[in-house]
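So you can see what is in the structure, the chains are spelled out below.
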Amino acid sequence: MALHPFAVLGALALLMAWRLDPAGLPRTAIGIGVAIAIVWSFVLQRRRAGHWQTVDASRPQERPLLYLLALVVAGIFWWWTGGRASPTSTGVLAAMAMLCAAAVANRRIKLSLHVASLAFAGVVSLATWPLAGGVLLVLLPLLGWARLRMARHTLPEIAGGALLGLAFGALPLVLR
């Protein structure tokens, strides 16, 4: 759970605001807290109502609504933090693009969003706090192993998630 996408992307948002926009840190903290609460409430409701097997949306057919909600909430978060004027704008848009790519891929493969989020955060963090980025990337194999061990994903889903996160995590660095 410590490497859950909510925790990883939430911590990344706070880290980037702290490094790139210290004055915007309180606004980012409120926005990311509300965003996570909305999506987490949806996840828990789906699980409690019996619509999902696990809180991880483990079956591909469970994911489309999750992707849609996450994208809408991320778009509102992007707007809340200043839209294009925000120093973290490119990173938020890259994370949204990563979710779009995972949603499209979901027709063929259920990529690991846990691994994708950690890979994304690791690459993005390298530019502003190399030690944190390095630690996150070193944790990738451990998280991949855990997802396999819990039988939430197959090896191709883990590898695909890692490649997705690494590729889209590089976008904010390339687009600077």
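Below is a short write-up of the structure. (Residues numbered from 1 in each chain as written. Predicted model: local features only at pLDDT ≥ 70, side-chain atom pairs only at ≥ 80, totals over all residues. Heavy atoms only, no water.)

## Some thoughts on the packing of aromatic side chains
Pairs of aromatic rings are described using the distance from one ring centre to the other and the angle between the two planes.
Okay, step 1: All chains considered together, the criterion is met by 3 aromatic pairs.
Okay, step 2: Relative to W40, the ring of F6 has its centre 5.6 Å away and its plane inclined at 90 degrees; by these criteria the two rings are edge-to-face. With F6 in helix α1 (residues 5-20) and W40 in helix α2 (residues 25-48), this residue pair connects regions lying 34 residues apart in the sequence.
Okay, step 3: With a relative accessible area of 21%, F6 lands in the partly exposed category.
Okay, step 4: Note on W40: relative accessible area 26%, which makes it partly exposed.
Okay, step 5: Relative to W129, the ring of W18 has its centre 5.9 Å away and its plane inclined at 70 degrees; by these criteria the two rings are edge-to-face. Taken together, the residues span a long stretch of sequence, with W18 in helix α1 and W129 in the loop between α5 (113-128) and α6 (130-149) at a distance of 111 residues.
Okay, step 6: In this structure W18 comes out as partly exposed when scored by relative accessible area, which is 44%.
Okay, step 7: For R27, the ring lying beneath its charged end belongs to W80, and the centroid distance is 4.0 Å. (Phe/Tyr/Trp six-rings, centres within 6.5 Å; stacked < 30°, edge-to-face > 60°. Helix = DSSP H or I, 4+ residues; strand = E, 2+ residues; numbered from the N terminus. Buried < 20%, exposed > 50% of the residue type's maximum accessible area, 1.4 Å probe, protein only. Lys NZ or Arg CZ within 6 Å of the ring centre and 35° of its normal.)

## A short note on the environment of S112
Okay, step 1: Its location among the elements puts S112 in the loop between α4 (89-105) and α5.
Okay, step 2: Residue S112 is classed as buried on the basis of its relative accessible area of 0%.
Okay, step 3: Sequence separation of S112 and A162 is 50 residues, and the distance between their C-alpha atoms is 7.8 Å.
Okay, step 4: The contact partners of S112, leaving out residues within four places of it in the chain, are R147, H153, E157, I158 and G161.
Okay, step 5: Of the polar contacts made by the side chain of S112, one reaches the backbone nitrogen of V115; its length is 3.1 Å. (Contact = heavy atoms within 4.5 Å. Polar contact = N/O pair within 3.5 Å; in protein donor to acceptor, adjacent residues only side chain to side chain.)

## Considerations on the pattern of salt bridges
Here the idea is simple: oppositely charged side chains can pair when their charged atoms come close.
Okay, step 1: Under the defined criterion, the tally for this structure stands at 3 salt bridges.
Okay, step 2: Here R147 ties to D56 by a salt bridge, and the two come within 3.3 Å at their closest N and O atoms. Of the two residues, R147 is situated in helix α6 and D56 in the loop between α2 and α3 (63-80); the sequence distance between them amounts to 91 residues.
Okay, step 3: In this structure, the salt-bridge partner of R59 is E62, at a minimum N-O distance of 2.8 Å.
Okay, step 4: Here E62 falls in the buried class, since its relative accessible area comes to 4%.
Okay, step 5: Each of D56, R147 and R152 takes part in salt bridges that share partners, so that together they form one network. (Salt bridge = Lys/Arg side-chain N within 4 Å of Asp/Glu carboxyl O.)

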